Amino acid sequence: MNGVRNASLRVLLLIASLAVWEGAVRALRVPAFILPPPSQVGAALYRGSVSGIYLQHLWITLAETLLGFLLGSVVAFVVGTAIAASPRTEYFLYPYIVMFQSMPKVALAPLVVVWFGLGLTSKVVSAALISFFPLLVNTIAGLRSADEDRVDLMRSLAASELQIFRMLRLPSALPFIMAGLEVAMVFSLVGAIVAEFVGAEAGLGMLIQSRNFSMDVAGEFAILFILAVLGLLLNAALVSVRRRVLFWDPSQKAALNSASLRGGP
Amino acid sequence: MARSADVIHVKGLRKEYGTARGTVLALDGIDFTVGEGEFVAIVGPSGCGKSTLLKILAGLLPATRGEVNLRSVPITGPRRDIGVVFQSPVLFPWRTVLDNVLLPVDVQRLGREDNRSRALGLLALVGLSGFEHRYPWELSGGMQQRVAITRGLIHNPAMLLMDEPFGALDAMTRESLNLELQRIWLECRETVVFITHSIAEAVFLADRVLIMTPRPGQIVEEVAVAIPRPRSLDLLAAPEFGGIVRRIRAHFSSKGIEA
Ligand SMILES: Nc1ncnc2c1ncn2[C@@H]1O[C@H](COP(=O)(O)OP(=O)(O)OP(=O)(O)O)[C@@H](O)[C@H]1O
Ligand SMILES: [Mg+2]
């Protein structure tokens, strides 16, 4: 079978690149504080996992990310709906949104930490700020994407604006909203980590920095690996929700690709 | 002469569209009536204002001038007792066939439970038994349009408006749906306004054909089709049918319009 062959090729390639990495670092005597060999990264990962230190910080970063995601998404959805529903709201909010959108939101992290302290709150706010835009933009675009003929059909039935929103505009917006949520989740993790870099008492981002100060680069790699897995799992969770919610949507991929174009962190 | 049996009464209807480059006169001096249970077809070339007229009848567009009455009441906005079928099926892909048919029931809060069996009955009438729980994208274009017709009928409207409902379908599907529509109509005797640019389709289906010419859209003649129903596809080759078709076509060819 072709699939089986490809899968084993993939594993083989992974093993080969790890072996090249290991061999090159040893042969060239690269110091471990510049680039540790994969065996040392594996050992660091094992030690930290057994001692429970990664898990302890992982929970904190996960909580920050999810709460920030929730906060940012709810606000983005509400503001996006208000903007899509009324040109007046758009008129008054638009200048701020354009200004805010073109600003690199990570640059706000130091300010957020000053305002909200070293604890959980500042990380949640930072995550929310960064994850806000992808969903805002997609909510507006999505709610405006309802097919004109379908709107005419609803109108011809004497449907109220609220009914048109609930029965037509919202479902039509779901592909956009789901794509926005996926981007927002990744951004939220970025926001939490950046705020942890700036100042935190706990979390994987804080742990990366403390490993960096003590020149434990293998430990840093181990945490980066954990963060990558975390990002993958969060995304996979949303993808499975999307598959269930958007079973009817033929163009999921197209919506997903156009979603990540705007509102970077 | 608004007879009380008239469902639709249009008099002196004029419609202008305001655009960036001035106003476009889409319809002018439109007069006609549609009787209770009558099947009226409006035939005309592309761009003559057929859809505009239908949208005004559906209350989706305001008229610039003139009277449009439904059972002696002016149409000023969307009404609950009108069913509309558009050129494309306009189904909601997140709803099953049955839920699509029940959309007017949901919007107008007519009671799902009360109308469920009616919906199933209508779906059986259009030959879609067994497809209730499928989704629109699992159906062919012809089947989707039959769902749209069922949805147009579910809330028992005073009038069914159809805007080139079979225009996007291939010729064979179209013929079979014409037969199907005739069968449905013989069953329920709705008042129908059917818009098309196919003369043969208009003559095959209608009691009366209104002929529209463009710029501005006007109704230049009404032709009664006194051919008894049920009409079969063999009729398309019959001399009486050809006579009526030729008479209608003369209006367009004399103006150099292909219809
Ligand atoms: N929203 C609008 N704004 C300006 N002009 C319009 C608008 N809608 C339609 N028109 C114009 O009005 C005229 C009639 O359009 P309409 O869509 O009613 O024609 P139609 O007979 O339905 O054509 P078709 O057979 O192609 O569907 C056309 O000249 C069109 O350009
Ligand atoms: Mg049209």
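See the structure printed just above.
Residues numbered from 1 in each chain as written. Chains lettered and ligands numbered in written order. Predicted model: local features only at pLDDT ≥ 70, side-chain atom pairs only at ≥ 80, totals over all residues. Heavy atoms only, no water.

J.: Which parts of the structure should I look at to understand the interface of chain B and chain A?
T.: The partner chain A presents 17 residues to the 25 residues of chain B that form the contact. For the pair chain B and chain A, the summed buried surface comes to about 1,900 Å²; carbon and sulfur atoms form 69% of the total. Broken down residue by residue, the surface that chain B buries against chain A is led by Phe92, Trp94 and Val107 of chain B, which jointly contribute 32%. Counting across the interface, chain B meets chain A through one salt bridge. Linking chain B with chain A are three residue pairs in polar contact (both at pLDDT 80 or more). Elements that contribute at least two residues to the side of chain B that touches chain A include exactly β6 (82-85) and α3 (103-107) of chain B. When the residues that make up the side of chain B that touches chain A are grouped by side-chain class, the tally is 15 nonpolar, three polar and seven charged. (Contact = heavy atoms within 4.5 Å. Buried area = accessible area lost by both parts, 1.4 Å probe. Salt bridge = Lys/Arg side-chain N within 4 Å of Asp/Glu carboxyl O. Polar contact = N/O pair within 3.5 Å; in protein donor to acceptor, adjacent residues only side chain to side chain. Helix = DSSP H or I, 4+ residues; strand = E, 2+ residues; numbered from the N terminus. Nonpolar A, V, L, I, M, F, W, Y, C, P; charged D, E, K, R; others polar.)

J.: Looking at this structure, how should I read a nonpolar patch on the surface?
T.: Residues Leu111, Val114, Trp115 and Phe116 of chain A make up a contiguous nonpolar surface patch of about 460 Å² in total accessible area. Topologically, Phe116 of chain A is positioned in helix α5 (residues 109-116). (Patch = residues over 30% accessible without salt bridge, like charges linked within 9 Å, V, L, I, M, F, W, Y side chains within 5 Å. Areas by Shrake-Rupley, 256 points an atom, 1.4 Å probe, with all protein chains shown as cover.)

J.: Where do I start with the packing of aromatic side chains in this structure?
T.: In total, this model carries twelve aromatic pairs over all chains according to the counting rule given. Note on Trp248 of chain A and Trp94 of chain B: the rings are 4.9 Å apart at their centroids and 65 degrees apart in plane angle, and the pair reads as edge-to-face. One end of the pair, Trp248 of chain A, is in the loop between α10 (217-245) and α11 (252-259); the other, Trp94 of chain B, is in the loop between β6 and α2 (97-101), on a second chain. Looking at Trp248 of chain A, the relative accessible area reads 8%, which means it is buried. Classification of Trp94 of chain B as buried rests on a relative accessible area of 15%. (Phe/Tyr/Trp six-rings, centres within 6.5 Å; stacked < 30°, edge-to-face > 60°. Buried < 20%, exposed > 50% of the residue type's maximum accessible area, 1.4 Å probe, protein only.)

J.: What is the right way to look at the pairing of strand β7 (residues 159-163) of chain B in this model?
T.: Residues and elements named next belong to chain B. Counting buried positions over the five residues of β7 gives five, a clear majority of the element. Residue alternation in β7 divides its side chains into two sets, Met159, Leu161 and Asp163 and Leu160 and Met162, and both sets are buried. Note: β7 against strand β8 (residues 192-196), four bridges, orientation parallel. Note on β8: the bridge partner recorded for Leu160 is Val192. Read from β7 through helix α6 (residues 171-188) to β8, the crossover connection turns out right-handed. (Pairing = 2+ DSSP bridges. Right-handed = clockwise from strand over helix to strand, strands pointing away.)

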